[in-house]
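The lines below spell out each chain.
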There are 2 protein chains.
Amino acid sequence: MKIGELSKTSGCSIQTIRFYEKEGLLSDPERTEGNFRLYDVTALKQLEFVKHCRSLDISLIDIKRLIDLKNKPEESCSSVNALIAQQLALVKKRMKELKALKNELQQMASTCNSDNTIEGCGIIKSLDS
Amino acid sequence: MKIGELSKTSGCSIQTIRFYEKEGLLSDPERTEGNFRLYDVTALKQLEFVKHCRSLDISLIDIKRLIDLKNKPEESCSSVNALIAQQLALVKKRMKELKALKNELQQMASTCNSDNTIEGCGIIKSLDS
DNA sequence: ACTTGACTCTATAGTTACTATAGGTTTTAC
DNA sequence: GTAAAACCTATAGTAACTATAGAGTCAAGT
Ligand SMILES: [Zn+2]
Ligand SMILES: [Zn+2]
Ligand SMILES: [Zn+2]
Ligand SMILES: [Zn+2]
């Protein structure tokens, strides 16, 4: 299939596919005589792997590491495990941060009774302190 | 005070201060004869307002809007309220996303017993499906 | 007066993960 | 045969900074 079909099948935009290729996340595809990219099912699987990782917010660099690891099936999977653990830690950290943000934003929102002037707005007062 | 002192007092890096100025979040400061920026307490307060907003993950564009609103003290504060509500919605949405990520990552991590080969690793299997 | 070092200046490039053009070529359909 | 659709490369833009390069300014010490 050509890139347009891969794009539709995978749900990745054409530009993103070409971008992943440039970044080394997808192997260089065959080309037609006219230089069009040609993909097969293997390429689709590769792309879906990347998409799945991205849906977990794993960075492109880490995805590359995972791909490299995948290509060494005999080795211990402890690096994989570590990478996922680190990603989990990252997510947890960000969740904690967002929880704090949420609390402060809610607190602020509650100090505004909406039919007020900006001068007397509790939100602006909070932000100013 | 000069930019170095403002940087230390505020905890913002010098480059960030200049960047905020270029983006219109801080008013253009006075300059010495030798073209060095000169700040007073008002500038520090402005910067702290920006910092407080940023700590709530409010985008620079929205901070600019808030600053514009602050300069119209007579008007209704409903726009301020709306902006904060939107920010809160954004944070909540992201928290939901992260919660889903966390669940899937934890689920994945639990399928890896660490002293395995990559070939047999549950994490890789999850990512491949 | 001169030099050294700390501080500051502007302008520019890099970061992440894409997205969006511009300008050109190839293929497909009528 | 021609027009539209799909494809190609290369480049610039996004957000919110950070990090240089190369030059100018200023205070202290000799
Ligand atoms: Zn999944
Ligand atoms: Zn209010
Ligand atoms: Zn706060
Ligand atoms: Zn494993």
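The notes below deal with the structure included here. Keep in mind that what you see is a predicted model, and the values were worked out from it rather than measured.

Residues and elements named next belong to chain B. Looking at the secondary structure, you find R37 in strand β2 (residues 37-38). A polar contact of 2.7 Å, which involves the side chain of R37, links it to the side chain of E21. Ignoring sequence-local partners within four residues, the contact set of R37 consists of M1, K2, I3, R18, E21, P29, E30 and R31.

Let us now look at the interface of chain B and chain A. Taken together, the 47 residues of chain B in the interface contact 47 residues of chain A. Of the roughly 4500 Å² buried between chain B and chain A on both sides combined, carbon and sulfur atoms contribute 72%. Interface area lost by chain B to chain A is led by L105(B), I118(B) and L127(B), which between them contribute 16%. At the boundary of chain B with chain A, the tally comes to 20 residue pairs in polar contact (both at pLDDT 80 or more). Elements represented by at least two residues in the side of chain B that touches chain A include exactly α3 (41-55), α4 (60-70), α5 (78-110) and α6 (122-127) of chain B. Sorting elements by how many residues they give to the side of chain B that touches chain A places α5(B) first, with 19 residues.

Before going further, it helps to spend a moment on the coordination of the zinc ion (ligand 4). Geometry sets the ideal angles at a metal, namely 109.5 degrees for four tetrahedral donors and 90 or 180 degrees for six octahedral donors. Around the zinc ion (ligand 4), the donor atoms from the protein are C77(A) (SG), C112(B) (SG) and C121(B) (SG), and they sit 2.2 to 2.3 Å away. Of this pair, C77(A) sits in the loop between α4 (60-70) and α5 (78-110) while C112(B) sits in the loop between α5 and α6, on two different chains.

How each quantity is defined
- Residues numbered from 1 in each chain as written.
- Chains lettered and ligands numbered in written order.
- Predicted model: local features only at pLDDT ≥ 70, side-chain atom pairs only at ≥ 80, totals over all residues.
- Heavy atoms only, no water.
- Helix = DSSP H or I, 4+ residues; strand = E, 2+ residues; numbered from the N terminus.
- Polar contact = N/O pair within 3.5 Å; in protein donor to acceptor, adjacent residues only side chain to side chain.
- Contact = heavy atoms within 4.5 Å.
- Buried area = accessible area lost by both parts, 1.4 Å probe.
- Donors = N, O, S within 2.8 Å, 3.2 Å for Na, K, Ca; no water.

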